[in-house]
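# Coordinate inspection notes
The lines below spell out each chain.
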Amino acid sequence: MKTRPIGIFDSGVGGLTVVKQIFKRLPNEEIVYLGDTARVPYGTKSPETIKKYSVENADFLMRFKVKLIVVACNTASSTSLDALREKFSIPIVGVIKPGAEKAVQVTRNNRVGIIGTYTTVKSKAYEKELRHFSRDVEAVSKACPLFVPLVEEGWLKEGVTFDIVKKYLKPLMAKKIDTLILGCTHYPLLKPVISKVMGRHVKIVDSASSVADEVHNILMALGKLSGQKKPKHKFFATDAVEHFVRVGEKFLGTKIKGARKADYV
Ligand code: DGL
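The rules behind the values
- Residues numbered from 1 in each chain as written.
- Predicted model: local features only at pLDDT ≥ 70, side-chain atom pairs only at ≥ 80, totals over all residues.
- Heavy atoms only, no water.
- Helix = DSSP H or I, 4+ residues; strand = E, 2+ residues; numbered from the N terminus.
- Rg over C-alpha atoms; globule rule 2.2 N^0.38 Å.
- Buried < 20%, exposed > 50% of the residue type's maximum accessible area, 1.4 Å probe, protein only.
- Contact = heavy atoms within 4.5 Å.
- Areas by Shrake-Rupley, 256 points an atom, 1.4 Å probe, with all protein chains shown as cover.
- Lys, Arg positive; Asp, Glu negative; His and termini not counted.
- Charge placed at Lys NZ, Arg CZ, Asp CG, Glu CD.
- Pairing = 2+ DSSP bridges.
- Axes fitted to C-alpha atoms, helices over the stretch in contact; angles between N-to-C directions.
- Arc of directions from axis to C-beta.
- Polar contact = N/O pair within 3.5 Å; in protein donor to acceptor, adjacent residues only side chain to side chain.
- Patch = residues over 30% accessible without salt bridge, like charges linked within 9 Å, V, L, I, M, F, W, Y side chains within 5 Å.
- Salt bridge = Lys/Arg side-chain N within 4 Å of Asp/Glu carboxyl O.
- Near = heavy atom within 4 Å.
- Nonpolar A, V, L, I, M, F, W, Y, C, P; charged D, E, K, R; others polar.

## With respect to the overall build of the protein chain
Counting its secondary structure elements, the protein chain contains eleven helices and ten strands. Scaling as 2.2 N^0.38, a compact globule of 265 residues should have a C-alpha radius of gyration of about 18 Å, and the protein chain matches this with 18 Å. Projected onto its principal axes, the C-alpha positions of the protein chain cover 50 × 40 × 35 Å. Here the protein chain holds 265 residues, and 55% of them are scored as buried. Long-range contacts, defined as pairs at least 24 residues apart, comprise 78% of the intrachain contacts of the protein chain with a sequence gap of at least 6. Accessible surface for the protein chain amounts to roughly 12,300 Å². Of this, 52% is attributable to carbon and sulfur atoms. Separation of charge centres in the protein chain, based on 45 positive and 26 negative side chains, amounts to 4 Å.

Here's what the structure looks like:
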């Protein structure tokens, strides 16, 4: 049971920013990653559609007898956790709660900004979690739909990227937030530009490392931490595997070997 893999899914490559942190925090764990590249983006789709996709993705991961599933996608986490927990009896970890908890810990003036996809922002999932941790926090959110294609294109430092980031973030700056949650798995790659636009006084919260901590804590509490010396990882995409590997390596910062097409879509 301890050596069973951790299943991780995202709508595409973005969830690999979470995998990177899991590799750092849990180097002895084997992972099975699934990027639903055939149906990306999730951020513009309805909660019903995303729920259906999320359950199908988890069903696929269950084929590998995973011991825990990480929903490494903010849009899927903000819409599908209840449906997944209802259907599957293993622990399901989302990315919203760890990000909200961290933001509450770091804010000094209780003004927290949230950026994400349309569906994540509309769901108000971050606001609900923030309220769960603190009644005093005032949240302000903004959908930034152009950030995902900019990251996928690798335009991380271009002048045009800076201008787009500035245009989206201006209303948040006006609200005098001191903490900004990156509520989308793609956004950590834009962190330097976002930080430059917001200024040093605004703390940027990226939930990936908090998610890895939460996975560690859950597995430890259950006595299911693996001690494997050389865990073997598996990577799947539902379409365009080569493209997934090429872009994904930027997110992961290492080579992705042996990626295959998942056959259920
Ligand atoms: N992975 C998605 C998220 O974190 C962003 C990409 C998409 O829209 O599918 O919200």
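## A word on the sheet that holds strand S7 (residues 179-183)
Taken together, four strands build an open sheet; the order of strands is S6-S5-S7-S8 and the sheet is parallel. One side of each edge strand has no neighbouring strand; the edge strands of this open sheet are strand S6 (138-143) and strand S8 (203-205). Averaged over all pairs of adjacent strands, the angle between their axes in this sheet comes to 25°, without regard to strand direction. As defined by bridge partners, strand S5 (residues 111-116) adjoins S6 across six bridges and the pair is classed as parallel. The partner of glycine 116 across the bridge, within S6, is alanine 143. Across the sheet, helix H9 (residues 191-198) touches S5, S7 and S8, and the angle it forms with S7 is around 150°.

## Structural notes on unusual backbone geometry
In this structure, proline 41 follows valine 40 across a cis peptide bond, with omega equal to 5°. Relative to the assigned elements, proline 41 resides in the loop between strand S2 (31-35) and helix H2 (47-62). If you check the backbone angles, alanine 240 has positive phi at about 45° while not being a glycine. Note on placement: alanine 240 falls in the loop between strand S9 (234-237) and helix H11 (241-252). A residue is classified by how much of its surface remains accessible, and alanine 240, at 43% relative accessible area, is partly exposed.

## Some remarks on H9
Buried within H9 we find Val193, Ile194, Val197 and Met198. Buried positions in H9, seen along its axis, are confined to an arc of 125° and lie on one side of it. Of the residues in H9, the exposed ones pointing more than 90 degrees away from the buried face are Pro192 and Lys196. Residues of H9 that are buried make contact with S5, helix H7 (147-152), helix H8 (159-174), S7 and S8. Phi for glycine 199, located one or two positions after H9, is positive at around 95°.

## Section: the side chain of serine 77
Structurally, serine 77 can be placed in helix H3 (residues 74-87). For serine 77, the side chain forms a polar contact with the main-chain oxygen of valine 71, separated by 3.0 Å. Leave out the neighbours within four places in its chain, and serine 77 touches Val71, Gly94, Val95 and Ile96.

## Points about a positive patch on the surface
A surface patch of positive charge is lined by Lys124, Lys128, Arg131 and Arg135. With respect to the secondary-structure elements, arginine 135 resides in the loop between helix H6 (125-133) and S6. The exposure class of arginine 135 is exposed, given its relative accessible area of 72%.

## Thoughts on the environment of proline 98
The topology assignment puts proline 98 in helix H4 (residues 96-106). Note on proline 98: relative accessible area 4%, which makes it buried. Sequence-wise, proline 98 and alanine 208 are 110 residues apart; in three dimensions their C-alpha atoms are separated by 8.4 Å.

## Notes on the site of the ligand
The ligand sits among 13 residues. The nearest are Asp10, Ser11, Tyr42, Gly43 and Thr75. At 3.0 Å from an oxygen atom of the ligand is found a main-chain nitrogen or oxygen belonging to asparagine 74. Compared with its free state, where it exposes 290 Å², the ligand has 98% of that area covered by protein. Of the residues contributing to the shell around the ligand, the split by class is five nonpolar, seven polar and one charged.

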